[in-house]
Amino acid sequence: MSAYPDVKTVDAFKQQPQEYQDAVKKIVRSHAVNELYGAQVFDEPAIALAPTPYAKWLTCRVAMEEYHHHLRFKTLADEIGVQAEDLDTRHKRPLSLFAFPLRTWEEFCVIKMLGDLAEILQVEDLLHCSFVPLRNIARTTTMPEEKFHAQFGKDFCAELVQAPARKVAVQDAVNRFYPYAPEFFGAAGSRNNELYRTYRIKQRKNEEMRADYVSRAQAVLQSLGLESPVTAAAA
Ligand SMILES: [Fe+2]
Ligand SMILES: [Fe+2]
């Protein structure tokens, strides 16, 4: 791991090399924007799809937490000088993951089970980040809540697969959503990722994270008796 020293405050951040500042800004911006996209296109619309009052209540909680994640990353982004237009989801091209058309409850449960697992890996990578305010956002609230979201998805999927017709719908959602997930980890051999590791902002290469994700996602699917479609990364 790189020995880049801890950067404890926003003031100390502003004394770092420009390259460090730009790298941190990119990561914070990407989290702020992705949390907002996710909340807008998946979590908030899913409240209407939730089949019972209990499921609606939990989905409201998930949506509230995702908007809160966005706000926490956005507050930090503002403090470190990310431009407002770089945080506006109307101006930024989303990952194709967010173009997945959400229409059913089964799809939403799969998105939480597999999509939030991808987010867990991203947040895990920030737990030892050199920029302490970012590390703190990852450690407090964000990580425990992302774990709750992935577990929420898995628990509801486990319930759904008990009924054969619903299991078919869950498998169908997996087949359509899962191929998008590896893109979340970025390109292999990425120059940005190399910088993130040099400055101890991130720990692992994109391709290492992707391989870890694929094996963890496959283990979850297997535990529910679901098949893993071949992803671009695993192919
Ligand atoms: Fe989140
Ligand atoms: Fe989440």
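Scroll up for the structure.
Since the model is a prediction, treat every value here as computed from it, not as a measurement.

1. What about helix α6 (residues 164-177)?
1) Next: When the terminal C-alpha atoms of α6 are compared, their 20 Å separation across 14 residues agrees well with the 20 Å that a helix rising 1.5 Å per residue should span.
2) Next: The complete set of buried residues in α6 reads V170, A173 and V174. Angular distribution of buried residues about the axis of α6 spans 100°; they occupy a single face of the element. Seen from the open side of α6, the exposed residues pointing more than 90 degrees away from its buried face are P164, A165 and V168.

2. Regarding the environment of T141
1) Next: Inspection of the secondary structure assignment puts T141 in helix α5 (residues 132-160).
2) Next: Note on T141: 14 C-beta atoms within 10 Å, which makes it partly exposed.

3. A look at the nonpolar core
1) Next: Counting 30 residues, the largest nonpolar core has C109, V110, L114 and A181 as its most contacted members.
2) Next: Those elements that provide at least two residues to this core are α2 (18-49), α4 (105-124), α5, α6 and α8 (206-223).
3) Next: Not counting the four nearest positions on each side in its chain, L114 is found in contact with F177, Y178, A181 and A217.
4) Next: By size, the runner-up hydrophobic cluster in this structure holds 25 residues, among which are Y20, I27, A77 and L126.

4. Quick look at the packing of α2 against helix α3 (residues 53-79)
1) Next: Their axes nearest at 8 Å, the elements α2 and α3 cross at an angle of 160°. Taken together, α2 and α3 sit at an angle that is classed as roughly antiparallel. Relative to α3, the crossing made by α2 is left-handed.
2) Next: Of the residues contributing to the contact of α2 with α3, the split by class is 13 nonpolar, 5 polar and 7 charged.

5. Considering the environment of P133
1) Next: In this structure, P133 sits in helix α5.
2) Next: For the pair P133 and R72, spaced 61 residues apart in sequence, the C-alpha separation works out to 11 Å.
3) Next: Once residues within four sequence positions are removed from consideration, P133 is found in contact with V10 and L76.

6. Regarding unusual backbone geometry
1) Next: Even without glycine at this site, T141 takes up a positive phi of about 75°.
2) Next: In this structure, R200 is a non-glycine residue whose phi angle is positive, near 55°.
3) Next: If you trace the backbone, R200 turns up in the loop between α7 (191-198) and α8.

What counts and what doesn't
- Residues numbered from 1 in each chain as written.
- Chains lettered and ligands numbered in written order.
- Predicted model: local features only at pLDDT ≥ 70, side-chain atom pairs only at ≥ 80, totals over all residues.
- Helix = DSSP H or I, 4+ residues; strand = E, 2+ residues; numbered from the N terminus.
- Expected span 1.5 Å × (residues − 1).
- Buried ≥ 20, exposed ≤ 12 C-beta atoms within 10 Å, placed from the backbone.
- Arc of directions from axis to C-beta.
- Core = buried A, V, L, I, M, F, W, Y, C linked by C-beta atoms within 7 Å.
- Contact = placed C-beta atoms within 7 Å.
- Axes fitted to C-alpha atoms, helices over the stretch in contact; angles between N-to-C directions.
- Parallel < 35°, antiparallel > 145°, perpendicular 65-115°, else oblique.
- Left-handed = near helix turned anticlockwise from the far one by under 90°.
- Nonpolar A, V, L, I, M, F, W, Y, C, P; charged D, E, K, R; others polar.

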